[in-house]
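# Structure assessment
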Amino acid sequence: MKAQLSILASQWNQSLKALFESDRNRGARYVAEGAGLRLDYSKHWIDQSVLDALIAMLDECDFNTMRQQLFGGERINFTENRSVFHPALRAKSTDEFLIDGVSVVADMLTARGHAYAFSEDVRVGAAKGASGKTFTDVVNIGIGGSDLGPLMVSEALKPLIDGPKPHYVSNVDGAHLNDVLCDLDPETTLFLIASKTFTTQETMHNAAKAQQWIAEALGVDAIPQHFAALSTNAEAVKAFGITQERMFGFWDWVGGR
């Protein structure tokens, strides 16, 4: 079927204008909706023959079986022998997500509630810095999935931001962190250190620099009020100076942050 798609691509000679003129219902036909989202792909170079070929290719790849394995908690991450259970992070209390016959929903809801409560405290000003001031800026320090995912969400939802301004630092080059911090006030800045193991070299290098920035301005005792961690390494998080209440964990079936 890949060959068929290549043939269709080589023969393609239709403009979007012609596609809409030949199919007055195109705007409604090439739309998908689910989970509160609406995907309009009517303005892509696609017609029924291309769509049929794409669906046929999914069938050839046994997509439905692999999808069932994902939602069933099977270890489809073969290199690490782990489940890939991101859908469970969005579960409701009535949903069923099992790994080896054991539900992960209760633990997930507890962890998610912890994160939501802290986020709301930061947003409304209940969580404060060491000097009693509310946070105006939040700096996420991470790399890879610990940076790109939240950065994408922040950019996509920028018009809806109603709390502190988010910033993202991922580059180990000191200029990146410096450029972010030069306009911020230590008294009103909160850092999120995103590292599952809390040993990622680039992330921890930048985290140490941020820690130094806070300590020099406000004193070492201010560190717990200005840092939170997204990690599973409780000992390393504690050694860094972050309290357990501001540590937000997850599981090995979450492959990216």
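Residues numbered from 1 in each chain as written. Predicted model: local features only at pLDDT ≥ 70, side-chain atom pairs only at ≥ 80, totals over all residues. Heavy atoms only, no water.

## With respect to the overall build of the chain
Short version of the rule: A helix here means a DSSP run of H or I that spans at least four residues, while a strand means a run of E at least two residues long, and both kinds are numbered starting from the N terminus. Taken over C-alpha atoms, the radius of gyration is set against a globule rule of 2.2 Å times the number of residues to the power 0.38. A contact between two residues is defined here by any heavy atoms of the two lying within 4.5 Å. Counting rule applied: Lys, Arg positive; Asp, Glu negative; His and chain ends not counted. To locate a charge, take NZ of a lysine, CZ of an arginine, CG of an aspartate or CD of a glutamate.
Per the secondary structure count, the chain includes 11 helices and nine strands. The C-alpha radius of gyration of the chain comes to 23 Å, more than 25% above the 18 Å expected for a compact globule of 257 residues. Seen through its C-alpha atoms, the chain measures out along the principal axes to roughly 70 × 45 × 35 Å. In the chain, the share of contacts with a sequence separation of at least 24, taken over all contacts with a separation of at least 6, comes to 56%. Of the side chains in the chain, 23 bear a positive and 32 a negative charge, and the two mean positions are spaced by 4 Å.

## A look at the pattern of salt bridges
Where charged atoms of side chains with opposite charge meet at close range, the side chains can pair. Using the following cut-off: Any Lys or Arg side-chain nitrogen located within 4 Å of an Asp or Glu carboxyl oxygen qualifies as a salt bridge. Whether a residue is buried, partly exposed or exposed follows from its accessible area with a 1.4 Å probe, protein chains only, as a fraction of its type maximum: under 20%, in between, or over 50%, in that order.
Summed over the entire model, instances satisfying the criterion amount to 10 salt bridges. As a salt-bridge pair, Asp-162 and Arg-123 come within 3.0 Å of each other at their nearest N and O atoms. Taken together, the residues span a long stretch of sequence, with Asp-162 in the loop between helix H7 (148-156) and strand S6 (165-169) and Arg-123 in helix H6 (residues 105-124) at a distance of 39 residues. Since its relative accessible area comes to 58%, Asp-162 is described here as exposed. Residue Arg-123 is classed as partly exposed on the basis of its relative accessible area of 36%. A cluster of three or more residues bridged by salt bridges with shared partners is formed by Glu-120, Arg-123 and Asp-162.

## Section: the layout of surface pockets
Quick note on the threshold: For cavity detection a 1 Å grid was placed over the protein atoms alone, and a set of points counts as a cavity when a 1.4 Å probe fits there but cannot get out; an open set counts as a pocket when protein lies on both sides within 12 Å along at least five of seven lines, with lining residues being those that have an atom within 4 Å of a point. Grid points are joined across faces, edges and corners, and a volume is the space filled by probe spheres set on the points. Side-chain classes are defined by residue name, with Ala, Val, Leu, Ile, Met, Phe, Trp, Tyr, Cys and Pro counting as nonpolar, Asp, Glu, Lys and Arg as charged, and the others, Gly among them, as polar.
In this structure, the largest pocket spans a volume of roughly 1,800 Å³. In terms of lining residues, the largest pocket is bounded by 41 residues, among which Tyr-116, Ser-119, Pro-150, Leu-192 and Leu-230 are the most central. Counting residues per element, the ones that place at least two in the lining of the largest pocket are H6, strand S5 (137-141), H7, S6 and strand S7 (189-194). Of the residues forming the lining of the largest pocket, the biggest block, 10 residues, is contributed by H6. Tallied by class, the residues present in the lining of the largest pocket amount to 25 nonpolar, 10 polar and six charged. Taken as a whole, the second largest pocket holds about 240 Å³ of empty space. Looking at the lining of the second largest pocket element by element, the count peaks at three residues for H7. Grouping the amino acids of the lining of the second largest pocket by side-chain chemistry returns five nonpolar, no polar and one charged.

## Considerations on the environment of Lys-92
Positionally, Lys-92 belongs in the loop between helix H5 (63-71) and strand S3 (98-99). Between the C-alpha atoms of Lys-92 and Ile-46, which are 46 residues apart in sequence, the distance is 36 Å.

## What to know about the pairing of S6
What counts, and what does not: A pair of strands is labelled paired if DSSP reports no fewer than 2 bridges between them. Whether a crossover is right-handed comes down to one check: with the strands pointing away from the viewer, does the path from the first strand over the helix to the second run clockwise; if it does, it is right-handed.
Strand direction decides the pairing type here: S5 and S6, joined by five bridges, are parallel. Bridge pairing in S6 links Ile-141 to Val-169. One crossover worth recording links S5 to the parallel S6 by way of H7, and it is right-handed.

## Focus on the side chain of Thr-203
Inspection of the secondary structure assignment puts Thr-203 in helix H9 (residues 201-218). On the basis of relative accessible area, Thr-203 is assigned to the buried category, the value being 1%. Contact partners of Thr-203, with chain neighbours within four places excluded, come to Ile-141, Gly-142, Ile-143, Ile-193, Ala-194 and Ser-195.

## Topic: the side chain of Asp-23
Stated formally: Identification of polar contacts relies on pairs of N or O atoms within 3.5 Å, with a donor-acceptor requirement for protein atoms, meaning one able to donate a hydrogen and the other able to accept it, and with residues adjacent in sequence counted only if both atoms are side-chain atoms.
Secondary-structure assignment places Asp-23 in the loop between helix H2 (16-22) and helix H3 (26-29). Of note is the side chain of Asp-23, whose polar atom sits 2.9 Å from the side chain of Arg-29. Leaving out residues up to four positions away in the same chain, Asp-23 has contacts with Arg-29 and Tyr-30.

## Some thoughts on unusual backbone geometry
A positive phi is found at Ala-35, a non-glycine position, where the angle reads about 55°. Secondary-structure assignment places Ala-35 in the loop between strand S1 (31-34) and strand S2 (37-40). Despite not being glycine, Phe-198 has its phi angle at roughly 60°, a positive value. Tracing the backbone shows Phe-198 in the loop between S7 and H9. Phe-198 sits in the buried class, given a relative accessible area of 5%.

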